[in-house]
Amino acid sequence: MLNLTGSRLISIQRRISSWFKLKKIRDLLGSFHTQRSNSAPPLPPFSPPVKFEDCQRGREVGFVTNDPNFGVRHDGMVYAVQDVSNLSEPVQFMVTAKGLHEPRVWETTVKLALAGHPHPLALSKVTAQMCQNQVTEHRLLIKFSRKHQRGSAANGLRRQKRDWVIPPINVPENSRGPFPHLLVRIRSDQDKDVGIRYSITGAGADQPPSGIYNIDPISGNMFVTQPLDREDRASFHLRAHAVDMNGNQVENPIDLYIYVIDMNDNRPEFQNQVYNGSVAEGSKPGSSVMQVTATDSDDSTTANGMVRYRILSQTPHSPIPNMFTINSETGDIVTVAAGLDREKVSQYTIIVQATDMEGNLNFGLSNTATALISINDINDNPPELTVRTFSGEVPENKVNVVVTNLTVVDRDQPHSPNWNAVYRIVSGDPTGHFTIRTNPITNEGMLTVVKPVDFEMNRAFMLTVVVSNQAHLASGIQSSLQSTAGVTISVQDVNEPPVFPVNPKVIRFEEGVPAGTTLTVFAAQDPDHFIHQIVRYSKLSDPANWLKINRTNGQITTMALLDRESIFVKNNVYEATFLAFDNGSPPASGTGTLQIYLIDVNDNAPVLIPREAQVCDRARPNSRINITAADADADPNVGPFVFELPSFPASVRRNWTISRLNGDYAQLKLRISYLEASVYEIPVIVSDSGNPPLSNRSTIRVKVCPCDDNGDCSATGAVAAAGLGTGAIIAILISIIILLSMVLLFVVWMKRREKERQAKPLLIDPEDDVRDNILKYDEEGGGEEDQDYDLSQLQQPESLDHIINKPAGVRRVDERPAIAESQYPVRSSLPHPGDIGDFINDGLRAADNDPTAPPYDSLLVFDYEGTGSTAGSVSSLNSISSGDQDYDYLNDWGPRFKKLADLYGGGDDD
């Protein structure tokens, strides 16, 4: 038998085994043993009791098991709750003992097997003491003896080797040593007879994490070699072995359960450092806000892992410092007072502390987190208009014009349904001239004209406006009196254009109305009743130029014949547009449309269709021409048509005949059996059905040709029939003669012009002729500012009447001297080109010395021309007579000015 000793275990007294005699064991087990025969009685409800005693003896103890199949009564009797006859292995469970007035707890392990099992267990009576000075880790060790029962009771009972059930070993974590630290001693009662070697196996010994536990193989002392961490591993399951020196098993292995006792070495940790929550403003006390959660890695079944919460601080302290509270166990934050107002405080900052050891601040570890509580807005502030009366003005006949902006104040959350304003016009606008649109940025109401207003109808409007929010007001909140205001709108009078009462105006007339006929009076009315204005008329659009309008009264008369068949008439309607304008400031004009429906009269004779055809020279059934007529008139002045041949010339009726097909068609065919191949022009008289009917003599050009068997003209016959007549040939010849005559006349004219050009002498040598270089350019304007000047002032006056009759003021005196005119040199009839220079110089000198040549040598008085002229002074210019001038610079101007340079720049050399 193996037994264990140690400071943390209750010693197992060897004398226990001497108490139990075979009979006593049999009595204790009683009916707990069951036979494996078919007649075996059911499992008895009770097993031998487990007895606990404290140091004072007689303390009441309560028992609880962790196996639902078994229970323990107050007297310590273990009983089966359910049928366990099908158990094939021993059952092991934990029994917890606790005094009714004792906070500490004791635990023990119970191992049971059914009687008749190949290895039944005998329960020994064991006593455990619970003394005040004993640690709670002491656990009860229960020893079971194995029995063997064969067949019936006659075989008797034979004592077998006993096994030990070791209670769990509790080791505190984070122990400071010294290490290795003795946990327990394992010893076999056979160690006196043979040499025993002890060993342990399992995770923590020879399996990872290995080396935590070891055992002295000779003494059986089991040690822990290092500090343990419950958060890393909370328990170990090892097995102890006892073998002899040869390695033979001496005792059955025993199970060792080692539990790491938790120490408070971990602080609570919040899942988030900052929590965000919200609650509606105006919430009642007890309203849920949010939940904070902290976890502790220590054992949650002990005080080390039991976390409690509390609020350390609240910012701001409005309206009171403690607006919220927290459930110490769940971390739920709720409101404890009324008065949450987003418009005063929109967010609270709460510092929450989590402490383990069930919130004991002296021994527990703590941690903090921040809770941000946003106050959600509700519509508890109705919108209020800033003034009680608004005013604005709008011009008449204008739309989409903002009359005024309605300003509003709302203390709720901006740009939310609780803040967005909705405006309504409740009175003063029955016809819907106005609407109010909300500015999404400023929340102002833009009072806008959507239907034109008329100053002559309404000079002012008095509106009543109500403002509300998109969201309904919160429960218990009433609308403000300032949510209603009045709006006064003044209508501005503007000059309105004249209006035609009937537009378009439709009149009916028969076509063919002669010029000068009065059709109607198309007059307009001026809407400005309070201002007397004159309306005048003009024509704006008259495609055929048939009409005119009286400028004063709007009377429409014709200027030409109205023709329904004109291209300007669409669907029997002729349309013209007229303009009516007043003399207001600024003038206004309106347009009116006149539509003249023209009634058709029979004024168009029908026209024969087709104008050309082809038949065979011999009468055949299929040699016929279908003819019809077209008439520009309308019903009833069109078909049915009447087709007939004229009586003159007689050959027409002799050779041709017409037969009626229907009201619009007839057939033209040969009356005789054969007609010579040629082109014939056959007159046909067509009459319409008008009243009176109109007739038209039309000609159809018929080509008669020989035909083949299919009735088609042969090629030879087609050529013969297509020959030109005498008239056509004469016309062609006359055209050719006229064309040749025109060409001949043009040639003669060119010859004559060339001769005249050669006979005309030149003033200069041909090589010196620079006329081909003289270019005529456009005029450049009338002066530096392109003003209109009175050129008559520069001309010589015929008399002084205009000077005498001129009104007082600045006058110009420009008189021609009353002397004989100077004589100018006369050119010879055949001048030599070389004399041109002398001739020019003589003429220039004569002009300079002629007192009768303008400008005259007299006092000239000019009008004031103003200041700031961009032109320079002309006072420095001198005439030829004042002295010689140097013209040598003309040589630098190129070959175009060579002749002038030779004439003026040569000096005496010329």
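Quick notes on the rules
- Residues numbered from 1 in each chain as written.
- Predicted model: local features only at pLDDT ≥ 70, side-chain atom pairs only at ≥ 80, totals over all residues.
- Heavy atoms only, no water.
- Helix = DSSP H or I, 4+ residues; strand = E, 2+ residues; numbered from the N terminus.
- Buried < 20%, exposed > 50% of the residue type's maximum accessible area, 1.4 Å probe, protein only.
- Contact = heavy atoms within 4.5 Å.
- Areas by Shrake-Rupley, 256 points an atom, 1.4 Å probe, with all protein chains shown as cover.
- Phe/Tyr/Trp six-rings, centres within 6.5 Å; stacked < 30°, edge-to-face > 60°.
- Pairing = 2+ DSSP bridges.
- Axes fitted to C-alpha atoms, helices over the stretch in contact; angles between N-to-C directions.
- Disulfide = S-S within 2.5 Å.
- Patch = residues over 30% accessible without salt bridge, like charges linked within 9 Å, V, L, I, M, F, W, Y side chains within 5 Å.
- Salt bridge = Lys/Arg side-chain N within 4 Å of Asp/Glu carboxyl O.
- Polar contact = N/O pair within 3.5 Å; in protein donor to acceptor, adjacent residues only side chain to side chain.
- pLDDT = per-residue confidence, 0-100.
- UniProt positions renumbered as here; feature names shortened; annotations may be inferred.

Let's talk about the overall build of the chain
Scanning the chain from N- to C-terminus turns up eight helices and 52 strands. Each of the 910 residues in the chain was classed as buried or not, and the buried ones make up 34%. Taking the contacts inside the chain whose residues are at least 6 apart along the sequence as the reference set, 65% of them involve residues at least 24 apart. Here the chain displays about 54,400 Å² of accessible surface, and carbon together with sulfur accounts for 52% of that area.

Quick look at the packing of aromatic side chains
Each aromatic ring pair is summarised here by two numbers: the centre-to-centre distance and the angle between the ring planes. The final tally for this structure, using the stated rule, is 11 aromatic pairs. Among the aromatic residues, ring-to-ring pairing joins Phe500, Phe522, Tyr537 and Phe578 into one connected group.

Regarding the pairing of strand β42 (residues 555-558)
Consecutive residues of a regular strand have side chains that alternate between opposite faces of the sheet. As paired strands, strand β39 (residues 518-521) and β42 are joined by three bridges and run antiparallel to one another. Following the sheet pairing, Thr518 is matched in β42 by Thr557. The pairing of strand β41 (residues 547-549) with β42 spans three bridges and is classified as antiparallel. Across the sheet, the residue bridging to Lys548 is Thr557, located in β42. The turn joining β41 and β42, which pair antiparallel and follow one another in sequence, is formed by five residues; a positive phi near 80° is taken by Gly554.

Quick word on the sheet that holds strand β18 (residues 235-243)
Strand pairing in a sheet relies on backbone hydrogen bonds, with the paired strands running either antiparallel or parallel. Strand order in this open sheet of four strands is β13-β19-β18-β15, and the pairing throughout is mixed. Strand pairing shows two members of the sheet lacking a second neighbour, β13 (169-172) and β15 (197-201), which therefore form its edges. Sheet twist, expressed as the mean angle between neighbouring strand axes with direction ignored, is 30°. In this sheet, strand β19 (residues 249-261) lies alongside β13 in parallel orientation, the contact comprising four bridges. Across the sheet, residue Val171 finds its bridge partner in β19, namely Val260.

Some remarks on the state of the cysteines
Working definition: the covalent bond between the sulfur atoms of two cysteines is a disulfide. As enumerated under the stated definition, the model contains one disulfide in all. Across the disulfide from Cys616 sits Cys707; the S-S distance is 1.8 Å. Across the S-S bond linking Cys616 and Cys707, the dihedral sits near -105°, which makes this disulfide left-handed. A residue pair is termed long-range when its members are at least 10 positions apart, and Cys616 in strand β46 (residues 612-616) and Cys707 in the loop between β52 (695-705) and α4 (715-721) qualify at 91 residues. Considered together, Cys616 and Cys707 belong to a single accessibility category, that of buried residues.

Focus: a nonpolar patch on the surface
On the surface, a nonpolar cluster with roughly 600 Å² of combined accessible area is contributed by Leu739, Val743, Phe746, Val747, Trp749 and Met750. The topology assignment puts Val747 in helix α5 (residues 726-759). Note on Val747: relative accessible area 39%, which makes it partly exposed.

Things to note about the side chain of Thr520
Tracing the backbone shows Thr520 in strand β39. A distance of 2.9 Å separates polar atoms of two side chains, one belonging to Thr520 and the other to Lys505. If near-sequence neighbours (up to four positions away) are discounted, Thr520 is found in contact with Lys505, Ile507, Gly554, Gln555, Ile556 and Leu594.

Let's talk about the confidence of the model for the chain
Residues with a pLDDT of 70 or more make up 71% of the chain, whose mean pLDDT is 76. At the low end of the mean pLDDT range in the chain sits helix α1 (residues 16-19), at 30; at the high end sits strand β27 (residues 347-355), at 96. Under a pLDDT of 50 for its full length, residues 1-57 has, in the predicted model, 131 contacts with residues more than four places off or in other chains. Throughout residues 808-812 the model reports pLDDT below 50, and contacts reaching past four residues in sequence, or to other chains, amount to 13 contacts.

Some thoughts on the sheet that holds β42
Strand order in this open sheet of three strands is β39-β42-β41, and the pairing throughout is antiparallel. Here the strands that pair on one side only, and so sit at the sheet edges, are β39 and β41. The average undirected angle you get between the axes of adjacent strands in this sheet is 20°.

What about the UniProt feature "transmembrane region" (unreviewed entry) in the chain?
Mapped onto the present numbering, the UniProt feature "transmembrane region" (unreviewed entry) falls on residues 728-750. The annotated region residues 728-750 carries 100% helix and 0% strand content, and the separation between its end C-alpha atoms amounts to 34 Å.

Points about the pairing of strand β49 (residues 656-660)
Sheet analysis places β49 next to strand β50 (residues 666-670), joined by five bridges and oriented antiparallel. Bridging from a neighbouring strand, Ser659 pairs with Gln667 of β50. The hairpin formed by β49 and β50 contains five residues between the paired strands.

Some words on unusual backbone geometry
The amide bond that connects Gly177 to the next residue, Pro178, takes the cis arrangement and shows omega of 5°. As for its placement among the helices and strands, Pro178 is situated in the loop between β13 and β14 (181-188). A cis amide bond, omega 5°, links Asp635 with the succeeding residue Pro636. Its location among the elements puts Pro636 in the loop between β47 (624-630) and β48 (642-644). Of note in this structure, Asn443 is not a glycine but carries a positive phi near 70°. Tracing the chain through its elements places Asn443 in the loop between β34 (434-438) and β35 (445-449). The phi dihedral of Asn571 is positive, around 55°, even though this residue is not glycine. Counting through the fold element by element, Asn571 comes out in the loop between β42 and β43 (573-581). For Asn571, a relative accessible area of 73% gives the class exposed.

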